[in-house]
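# Residue-level structural notes
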Amino acid sequence: MTVMESVPSESDLERHFEETIGRDQRIEPRDWLPEGYRKTMIRQIAQHAHSEIIGMQPEGNWITRAPSLRRKAILLAKVQDEAGHGLYLYSAAETLGADRDELTEKLISGRQKYSSIFNYPTLTFADVGVIGWLVDGAAICNQVPLCRSSYGPYARAMIRICKEESFHQRQGYELLMTMMNGTQQQRDMVQDATNRFWWPSLMMFGPPDDDSPNTAQSMAWKIKRHTNDELRQRFVDMTVPQAEALGVTLPDPDLAWNVERGHYDFGRIDWAELKQVISGGGPCNAERMARRRQAHEDGAWVREAAAEHARKQRERAVAAATEEVGA
Ligand code: FAQ
């Protein structure tokens, strides 16, 4: 007698997906998932991966001009970590069926986004410290909750990424502390870099909640655990005491502790600027994209050589297996 196994219907699969999310368990690559979830995850992971890769450029700009061997070694290691983060994230996107070449193509043709923050110039070495302090600080605030994101491979990648970002943030803060204990000129450089990066760092958290088309669905799917505004507030609350300890002024006259709310109030963010930078009109968008395109073209021979090496290895493995069977 044959037993007919019943094939689960689409609604059974959907129910199972919803229950998995409801129980706070992870969705894994083997699981059925709705197309909207897959698309959203690929979009967010790809944007994140592209940000890490493009994010190598502003600091990379200072590697050859670092003021000491120690600072150069630290900066090299940091930028290398960012490449690593990009690679884990592209791999996580591949588990959802995305093709890495296609994702790169979408980035360099401007069809996929990367974080607005990397479209600002790095004018002095103090910018390296401020990127560590504020940009990595904002990245950590945003990404620690993503370690509990519902998609398993993304959540697990985020654990390692966050550990490394925490280290990046500390090296940035340590660099700034050293500069603040240096000459007046060094202190002025730190203040100037803080003035330029403060508002763009707040924009990293995305548009305000009432203008964020993806937040509601991403929260329902537990991809995002907090809204953009909640995380932005958390970042401000965390950073104000750090600025005080450092001895720099955050460039916002409206920044004040609100006893009733138990949070810092802060001034109005220039959302028109965020829109402009996201849509390609920031100070360095054209330069960042041109550099990425050039690097992709320059790397063509490496990709070809790696593919050819892999082909030869496969051929050898098949030949060895055939010989073994024949022996
Ligand atoms: N820049 O509906 P929402 C780093 C887009 S890594 C550019 O609120 P969502 C490490 C958004 O994608 C930094 N685009 O979207 C490092 C959406 O696009 P759509 C990157 C932005 O996804 C440190 C549209 O606007 N981190 O810093 C930005 O729910 C130092 C509507 O927005 C991540 O990617 C923006 N700032 O929330 C490296 C973390 N904000 O739908 C080097 C993971 C929004 O048109 C040196 N991502 N958009 O395609 C996330 O948490 C979320 O995707 C948000 C946006 C919070 C960024």
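It should be noted that the structure appears before, not after, this text.
The paragraphs below set out a description of the structure included in this document. Keep in mind it's a predicted model, so treat the numbers as computed, not measured.

Right, let's get into the overall build of the protein. Looking only at helices and strands, the protein has 13 helices and two strands in total. Seen through its principal axes, the protein has C-alpha atoms that stretch 85 × 50 × 30 Å. For the protein, buried positions account for 46% of its 327 residues. Approximately 17400 Å² of the protein is accessible, and the part contributed by carbon and sulfur atoms is 55%. For the protein, the distance from the average position of its 40 positive side-chain charges to the average position of its 47 negative side-chain charges is 3 Å.

The immediate surroundings of the ligand are formed by 34 residues, with Gln 47, Lys 113, Ser 212, Lys 224 and Asn 228 found nearest. At 2.8 Å from a nitrogen atom of the ligand is found a main-chain nitrogen or oxygen belonging to Ser 116. Elements supplying a minimum of two residues to the shell around the ligand: helix H2 (35–54), helix H4 (69–94), helix H6 (126–143) and helix H7 (152–180). Top contributing element to the shell around the ligand by residue count: H2, with six residues. For the shell around the ligand, the class distribution of residues is twelve nonpolar, 13 polar and nine charged.

Taking 1.5 Å of rise per residue, 20 residues should cover 28 Å, and H2 covers 28 Å from first to last C-alpha, within 8% of that figure. A large share of H2 lies buried, amounting to 14 of its 20 residues.

Moving on: unusual backbone geometry. Of note, Asp 24 is a non-glycine position whose phi angle comes to about 65 degrees, a positive value. Its place among the elements puts Asp 24 in the loop between helix H1 (10–22) and H2. Positive phi, normally seen in glycine, also occurs at Lys 222, with a value near 60 degrees. When you line up the elements, Lys 222 lands in the loop between helix H9 (215–220) and helix H10 (228–246).

Across the interface, H2 lies against helix H5 (residues 100–108) with an axial gap of 11 Å and an inter-helix angle of 70 degrees. When the interaxial angle is binned, H2 and H5 end up roughly perpendicular. The hand of the H2/H5 crossing is right-handed. Across the interface between the two elements, Ile 42, Ala 46, His 50 and Ile 54 of H2 pack against Leu 103, Thr 104 and Leu 107 of H5. Within the contact of H2 with H5, the residues separate by chemical class into five nonpolar, two polar and no charged.

Further remarks concern the environment of Val 277. Turning to its location among the elements, Val 277 is positioned in helix H11 (residues 271–281). With residues up to four places along the chain from it excluded, the contact list for Val 277 reads Ser 116, Asn 119, Tyr 120, Gly 282 and Asn 285.

On to the environment of Ala 193. Mapping Ala 193 onto the fold places it in helix H8 (residues 184–203). Taking relative accessible area as the criterion, Ala 193 reaches 0% and is therefore assigned buried. Considered as a pair, Ala 193 and Thr 20 are 173 residues apart in the sequence and their alpha carbons are 45 Å apart.

Ranked by size, the top nonpolar core spans 49 residues in total, and within it Trp 133, Phe 197, Trp 198 and Phe 235 carry the most contacts. Taken together, the elements giving at least two residues each to this core come down to H4, H6, H7, H8, H10 and H11. The greatest single-element share of this core, amounting to nine residues, is contributed by H6. Ignoring anything within four residues of it in the chain, the contact list for Trp 133 reads Gln 169, Gly 172, Tyr 173, Leu 176, Thr 194, Thr 239, Gln 242, Ala 243, Leu 246, Val 248 and Leu 250.

Within the secondary structure, Asn 258 sits in strand E1 (residues 256–258). One polar contact links the side chain of Asn 258 to the main-chain amide nitrogen of Glu 260, over a distance of 3.1 Å.

A few words now on a negative patch on the surface. Among the surface-exposed residues, Glu 94, Asp 99, Asp 101, Glu 102 and Glu 105 lie close enough to one another that they form a single negatively charged patch. Sort the elements by how many residues they give to the negative patch and H5 lands first, with three residues.

What follows concerns the state of the cysteines. Taken as a whole and judged by the stated rule, the model has zero disulfides. Looking at Cys 162, it has no disulfide partner, and the nearest cysteine sulfur is the one in Cys 147, 4.0 Å off. Among the residues examined, Cys 162 registers a relative accessible area of 6% and is labelled buried.

Here the focus is the packing of H6 against H7. Geometrically, a packed helix pair is captured by the angle between its two axes and the distance between the axes. Packing of H6 against H7 leaves a shortest axis separation of 7 Å and a crossing angle of 145 degrees. Our pair here, H6 against H7, has a crossing hand that is left-handed. Among the residues making up the contact of H6 with H7, the classes are represented as 13 nonpolar, nine polar and two charged.

What counts, and at which threshold
- Residues numbered from 1 in each chain as written.
- Predicted model: local features only at pLDDT ≥ 70, side-chain atom pairs only at ≥ 80, totals over all residues.
- Heavy atoms only, no water.
- Helix = DSSP H or I, 4+ residues; strand = E, 2+ residues; numbered from the N terminus.
- Buried < 20%, exposed > 50% of the residue type's maximum accessible area, 1.4 Å probe, protein only.
- Areas by Shrake-Rupley, 256 points an atom, 1.4 Å probe, with all protein chains shown as cover.
- Lys, Arg positive; Asp, Glu negative; His and termini not counted.
- Charge placed at Lys NZ, Arg CZ, Asp CG, Glu CD.
- Near = heavy atom within 4 Å.
- Polar contact = N/O pair within 3.5 Å; in protein donor to acceptor, adjacent residues only side chain to side chain.
- Nonpolar A, V, L, I, M, F, W, Y, C, P; charged D, E, K, R; others polar.
- Expected span 1.5 Å × (residues − 1).
- Axes fitted to C-alpha atoms, helices over the stretch in contact; angles between N-to-C directions.
- Parallel < 35°, antiparallel > 145°, perpendicular 65-115°, else oblique.
- Left-handed = near helix turned anticlockwise from the far one by under 90°.
- Contact = heavy atoms within 4.5 Å.
- Core = buried A, V, L, I, M, F, W, Y, C linked by side-chain atoms within 4.5 Å.
- Patch = residues over 30% accessible without salt bridge, like charges linked within 9 Å, V, L, I, M, F, W, Y side chains within 5 Å.
- Salt bridge = Lys/Arg side-chain N within 4 Å of Asp/Glu carboxyl O.
- Disulfide = S-S within 2.5 Å.

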